[in-house]
Amino acid sequence: MMELKIQLVPTGEIILPPGKNGESYCHSCTKPEQSNEECFRTGLIAPPYRNVLTVGAEELQQSSDAVLELSNGFIFEFESEAFGVTEEARRLLKAVGSDGVRVMMESALTARDRVGVQDFVLLENHTSEVAFIENLRKRFKENLIYTYIGSVLVSVNPYKDLEIYTKQHMERYRGVNFYEVSPHIYAVSDNAYRSMRTERRDQCMLISGESGAGKTEASKKVLQYYAVTCPASEQVQTVKDRLLQSNPVLEAFGNAKTLRNDNSSRFGKYMDIQFDFRGAPVGGHILNYLLEKSRVVHQSHGERNFHIFYQLIEGGEEDLLRRLGLERNTQQYQYLVKGNCPKVSSINDRSDWKLVRKALSVIGFSDDDVEELLNIIASVLHLGNVQFGGEDSGNAYITTDTQIKYLARLLGVDGSVLKEALTHKKITAKGEELMSPLNQEQASSARDALSKAVYGRTFTWLVNKINDSLSFKDDSFNSKNASVIGLLDIYGFEVFQNNSFEQFCINYCNEKLQQLFIELTLKSEQEEYEAEGITWEPVQYFNNKIICDLVEEKFKGIISILDEECLRPGDASDITFLEKLEDTVGGHVHFLSHKLADGKTRKVMGRDEFRLLHYAGEVNYSVNGFLDKNNDLLFRNLKEVMCMSENKILTQCFDREELTDRKRPETTATQFKNSLAKLMEILMSKEPSYVRCIKPNDAKQAGRFDEVLIRHQVKYLGLMENLRVRRAGFAYRRRYEVFLQRYKSLCPDTWPNWDGRLVDGVSTLVKHLGYKPEEYKLGRSKIFIRFPKTLFATEDALEVRKHSLATKLQASWKGYSQKSKYRKLRHSAILIQAWWRGILARRRAQRRRQAADTIRRFIKGFMFRHQPRCPENEYFLDYVRYSFLMKLHRNLPKTVLDKSWPTPPPALIEASEHLRKLCMQNMVWKYCKTISPEWKHQLEQKMVASEIFKDKKDNYPQSVPKLFVGTRLNGEDINPKILQALGTEKMKYAVPVTKYDRKGYKARARQMLLTGSSVFIVEDTKLKQCIDYSALKGISVSSLSDGMFVLHVPCEDNKQKGDVVLQSDHVIETLTKVAICADKINSININQGSIKFTVSQGKEGIIDFTSGSELLIAKAKNGHLSVTAPRLNSR
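Residues numbered from 1 in each chain as written. Predicted model: local features only at pLDDT ≥ 70, side-chain atom pairs only at ≥ 80, totals over all residues. Heavy atoms only, no water.

Draft legend 1. Structural context of the overall build of the protein chain. Of regular secondary structure, the protein chain possesses 38 helices and 33 strands. Every one of the 1131 residues in the protein chain was classed for burial, and the buried ones make up 51%. Taking all contacts inside the protein chain whose residues are at least 6 apart in sequence as the whole, residues at least 24 apart take part in 64%. When the accessible surface of the protein chain is summed, it comes to about 55,200 Å², and 50% of that surface belongs to carbon and sulfur atoms. (Helix = DSSP H or I, 4+ residues; strand = E, 2+ residues; numbered from the N terminus. Buried < 20%, exposed > 50% of the residue type's maximum accessible area, 1.4 Å probe, protein only. Contact = heavy atoms within 4.5 Å. Areas by Shrake-Rupley, 256 points an atom, 1.4 Å probe, with all protein chains shown as cover.)

What follows is the structure in structure tokens.
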């Protein structure tokens, strides 16, 4: 049979592979394609269709739909000849299917009104910040968190998990051209990796943004991508694991909860990932910058210290904490309470502790390394708890000797030496060393300086230890020939309400990175223009070198002035530093202080502040603490104590050469400036890729878009400046073959194929489209389009053109498929008719034979039904048996009280009786199995009542449906004195009764209480009578419906005054309870007519019972107690 196979080549947008029934799913919502119409319409994903569609003559409808699919961006490939297609259709089909066109990022252009453009370069109004932010808003609303600015990736933190980071997504971005897929961190990662492999040039990825924007998460995604997609061996897998596991360790020791981010990196990190000639990661190296050591000793309100302290206290084993001298309570440590934020809902310190311990093991830390590292962490907490007192002379002394003992053991130092070093400083004067006592404030500062130094140097040791584990140990590997991808995760531009020395250094770093970014962006643009032979037009942009020079220039820069003030003798202070700044750089256009400002500006500036006009805006810095933080000095005698430590880590952190080196150590700012200069050299030697991270709101809420906050970040990230530089020339550029393949259908000369040179084909196409000379340029291998509106107009024309192409294909294919279908249906109908007629005739004959045989056997069996079983009647008897059993199955009794049973045939009477017994036994067993203990007790009481009163007392039938209760009186109905009088006797039943006096028969309200051994008659707070069960001779009750009963007691008993005449509204229940408690079931007498009872010794009373219309109880004239009760039942 002739078949036509159509190969559908999907667009560059990501779609999932088809399911077993051919269905496809959206990569964003992972739902069947029927529910993804909105996604298709917006261009978020390309329409997903089957990979191969086989079209036969009987599949007209499916093939017709397939032709329509062309309008959604698919191309047909015909793998076998389609007979009967018109020449025009054949030409169109051949032209459309000659090459598989991969639709690139332009496939989303038609959805730009709803989801925005995925490259800001395509914004028509590229100079408008409002348009820029609106495009971000549109994409953020659709969970499209990634957008390009040329090759720069802009990432907005969604504050929720998106299903776009699976291994399947990694494979889709692997080896795919940068613009063929939607923007993603994986696309940038893969582009850098492929550039490294093909061009043999080192790459670097610069990830920046403010705290909470997602920088750390972005760097994790890059590492995960390389770990999954790069080639691997057993040794390489170890390196991959260590690269990934270095993250939780560095986060534990270098990250903390801040007001803006629960996992904020408080240090800058640059990581080099080394690759061998196969492209497999074989090693790595980490550089760290400017750890925020001041956080060790102080945290702002709502912030926390570094994670490791909380993880150790919350997750550490009891034995470990006991050995370290720690308690499982963060409130006990001064360094952890200043921020007043011990718990964070988004952080599980206990589980994070397990991850860190596992990561340390994977990285290669020995048990001894971990033990000594934790000793140092615990010692920092103990240092914070060291308290000082002041003597009368003002000298400080330590008031917490317990902490000194812990510190001496954990740090491996002499406790007395440490104690002296914390309260004294060593001074060298005229060649002599003197010990000068410290006052209380100085001692506290020395303690904090030691804590910061110990933690900061330990962090540096930790990074070096990780570097050692990441280094490739194979001797055959030449590290000089290794290819490298660098990953820079560094602080973004910071502007707080109070900005100090740390913000000054961070913003200086961002100025340098912005300078590098602009230079490299312009350089890459210029190189591409020159390679294509396009004239380079100089771009006007703000060169922030003037700000960098203001900060770092020798002798005249702010850092030089700060160092000079720190080194000069005399009373140098933060204020003298500010005054020197005003004298030296006061005339600089980017510097301002309170003294130099006008009256309006002075109102918003403190006297201790200066202002720098950064590329991202104005920032006020408070000089308070600048000199101390820049000096970062540690007293000499404290260094000596640390150098004597037996802790192997501290011996590496505190080198003894420091004690003999008389050269003053470099200041913090100078160290940072030098390390930043080295970083710039590293980055300049590599091909950069940029990821700009944006935080959508300060509340960390998903779906919330804070326009004011985002505008601020767009400004200080320099995104508008970047876009302006990228758009200074041409907004869009593509290779000739890609541009021609996509738009050739818009020109009759290039459609369906262009056989000449590509540049001539593109030239012919753009002339036909009416491009003006100023709108485009033709390079050596690419076309450059200046304005986005030109591209959008071309794209809209292509959308219109697709429909006309689809119409022609539909018309030709429908005609061919209809004719083929008719011929095939006609031939098939003739064959089916002949075959089906024979089938029907044979079936009818067979059914008639079977029916005759069945009737014959049934009649013969009926005739022999009374004879023993034989071949003649076995069919009939089996039928009768089956009919009875089926009838029985449908009419089985439902309850044990249902006595119905179908009448069996004579042959099954015995079997029917057996079945009936079995059925009843089964129902009884089921009922007994489901009965509860409470209901069982109720039934037992009812059985006793039935045994005593059934057919003997009139009101018994009325009591049957009523459940017996445990007691008729609650605890509050009985006087507490009575309960106290009962003592340990447990009350089993209580009921209100009416007692009739033995003389005069006066009715009195009483309570009758039953215990395990006695019956008590109670009046309010008095125990009127107690009758032991053993002394109870019997109980008399009438056969009528009244509630009268008599308790007979022996006359000889002096405690008893005579028989007790009582009346109860619940006589059946009451007497049943008495009979069970007293074990007197057979002692209850039911009398007709009258009851005799003992009034006192030798005297008797009589109660006469008569039937009447209503209940009456009164003393009769004859002296008897007369009871008239209505008769309820006739016996």
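Draft legend 2. Highlighting the sheet that holds strand β33 (residues 1121–1126). Ordered in space as β30-β31-β33-β32, the 4 strands form an open sheet in which the pairing is mixed. This sheet does not close on itself; its edge strands, each paired only once, are β30 (1090–1096) and β32 (1112–1115). The average undirected angle you get between the axes of adjacent strands in this sheet is 20°. (Pairing = 2+ DSSP bridges. Axes fitted to C-alpha atoms, helices over the stretch in contact; angles between N-to-C directions.)

Draft legend 3. Quick peek at the pairing of β33. Bridge count between strand β31 (residues 1099–1108) and β33: 6 bridges; the pairing is parallel. What sits directly across from Asp1104, in β33, is Ser1122. As paired elements, β32 and β33 share 4 bridges and run antiparallel to each other. The residue bridging Ile1113 from the neighbouring strand is Val1123, located in β33.

Draft legend 4. Layout of the sheet that holds strand β17 (residues 617–622). Strand order in the open sheet formed by 3 strands is β15-β16-β17, with antiparallel pairing between adjacent strands. Bordering the open sheet on either side are β15 (591–593) and β17, each of which pairs with just one other strand. In this sheet, adjacent strand axes meet at a mean angle of 25° when their direction is disregarded. As paired elements, strand β16 (residues 609–614) and β17 share 6 bridges and run antiparallel to each other. Bridging from a neighbouring strand, Phe610 pairs with Tyr621 of β17.

Draft legend 5. The arrangement of the packing of helix α8 (residues 215–229) against helix α9 (residues 234–254) in detail. Between α8 and α9, the shortest axis-to-axis distance is 9 Å and the interhelical angle comes to 165°. One finds that α8 runs roughly antiparallel with respect to α9. Here the hand of the crossing between α8 and α9 comes out left-handed. For the pair α8 and α9, the contacting residues are Thr216, Lys220, Leu223, Gln224, Tyr226 and Ala227 in the first and Lys240, Leu243, Leu244, Asn247 and Glu251 in the second. Looking at the contact of α8 with α9, its residues break down into 5 nonpolar, 3 polar and 3 charged. (Parallel < 35°, antiparallel > 145°, perpendicular 65-115°, else oblique. Left-handed = near helix turned anticlockwise from the far one by under 90°. Nonpolar A, V, L, I, M, F, W, Y, C, P; charged D, E, K, R; others polar.)

Draft legend 6. Here's a closer look at the packing of aromatic side chains. With the rule as written, the count across this model stands at 30 aromatic pairs. Each ring, one from Tyr165 and one from Tyr186, has its centre 6.0 Å from the other, and the planes form 85°; the classification is edge-to-face. Linking Tyr165 in the loop between β4 (152–156) and α6 (167–173) with Tyr186 in helix α7 (residues 185–199), this pair joins segments that are 21 residues apart in sequence. Ring centres of Trp835 and Trp836 lie 5.9 Å apart, and the angle between their planes is 45°; on these two criteria the pair is classed as tilted. On the accessibility criterion, Trp836 (37% relative accessible area) is partly exposed. Stacked on the ring of Tyr310, the Lys or Arg Arg304 has its end atom at 3.9 Å from the ring centre. The lysine or arginine in question, Lys465, covers the ring of Phe365, its NZ or CZ lying 5.8 Å from the ring centre. (Phe/Tyr/Trp six-rings, centres within 6.5 Å; stacked < 30°, edge-to-face > 60°. Lys NZ or Arg CZ within 6 Å of the ring centre and 35° of its normal.)

Draft legend 7. View of the packing of helix α20 (residues 558–567) against helix α27 (residues 668–684). Orientation of α20 relative to α27, taken along the N-to-C sense of each, is 145°, at an axis distance of 9 Å. For the pair α20 and α27, the sense of crossing is left-handed. From α20, Ile559, Leu562 and Asp563 reach across to α27, where they touch Ala669, Thr670 and Lys673. Class assignment for the residues of the contact of α20 with α27 results in 3 nonpolar, 1 polar and 2 charged.

Draft legend 8. Here's a closer look at the environment of Lys887. With respect to the element layout, Lys887 can be found in helix α33 (residues 874–890). Residue Lys887 is classed as partly exposed on the basis of its relative accessible area of 41%. Linking Lys887 and Pro904, residues 17 residues apart in sequence, is a C-alpha distance of 9.8 Å.

Draft legend 9. Highlighting helix α38 (residues 1067–1078). With 12 residues, α38 extends 16 Å from end C-alpha to end C-alpha; this agrees with the ideal 16 Å at 1.5 Å per step. In terms of residue burial, α38 counts as a mostly covered element, since 10 of its 12 residues are buried. Burial in α38 covers these residues: Val1067, Ile1068, Glu1069, Thr1070, Leu1071, Thr1072, Lys1073, Val1074, Ala1075 and Ala1078. Once α38 ends, the next one or two residues include Asp1079, with phi positive near 55°. (Expected span 1.5 Å × (residues − 1).)

Draft legend 10. View of a nonpolar patch on the surface. Together, Ile832, Trp835, Trp836 and Leu840 make up a nonpolar patch on the protein surface, roughly 420 Å² of accessible area in all. Secondary-structure assignment places Leu840 in helix α32 (residues 788–863). (Patch = residues over 30% accessible without salt bridge, like charges linked within 9 Å, V, L, I, M, F, W, Y side chains within 5 Å. Salt bridge = Lys/Arg side-chain N within 4 Å of Asp/Glu carboxyl O.)

Draft legend 11. Representation of the environment of Ile347 in the model. In this fold, Ile347 is placed in the loop between α12 (334–337) and α13 (349–363). Through-space distance from the C-alpha of Ile347 to that of Lys257 is 9.2 Å; in sequence the pair is 90 residues apart.

Draft legend 12. Structural context of helix α10 (residues 307–315). The buried count for α10 comes to 9 of 9 residues, which makes it a mostly enclosed element. Within the span of α10, buried status applies to His307, Ile308, Phe309, Tyr310, Gln311, Leu312, Ile313, Glu314 and Gly315.

Draft legend 13. The nonpolar core, seen in detail. Ranked by size, the top nonpolar core spans 109 residues in total, and within it Tyr226, Phe253 and Phe309 carry the most contacts. In terms of residue count, helix α17 (residues 440–470) provides more of this core than any other element does, 13 residues in total. Not counting residues up to four positions away in its chain, the partners in contact with Tyr226 are Ser189, Ala192, Tyr193, Met205, Lys240, Ile273, Phe275 and Ile485. Core analysis: the next-biggest nonpolar cluster, separate from the first, contains 88 residues, Leu679, Leu719, Leu765 and Leu798 among them. (Core = buried A, V, L, I, M, F, W, Y, C linked by side-chain atoms within 4.5 Å.)

Draft legend 14. Region of interest: the pattern of salt bridges. Under the counting rule described, the total for this entry stands at 45 salt bridges. Here Arg137 makes a salt bridge to Glu134, at a shortest N to O gap of 3.3 Å. In this pair, Arg137 and Glu134 are both assigned in helix α5 (residues 129–141), 3 residues apart and thus about one turn of the helix distant. Since its relative accessible area comes to 28%, Arg137 is described here as partly exposed. In this structure, a network of salt bridges that share partners links the residues Glu129, Glu134, Arg137, Glu707 and Arg711.

Draft legend 15. Looking closely at the side chain of Asn510. Its place among the elements puts Asn510 in helix α18 (residues 501–532). Of the residues examined, Asn510 reaches a relative accessible area of 5% and is grouped as buried. Of the polar contacts made by the side chain of Asn510, one reaches the backbone oxygen of Ile506; its length is 2.9 Å. Asn510 has contacts with Tyr491, Gly492, Phe493 and Tyr615, leaving out every residue within four places of it along the chain. (Polar contact = N/O pair within 3.5 Å; in protein donor to acceptor, adjacent residues only side chain to side chain.)

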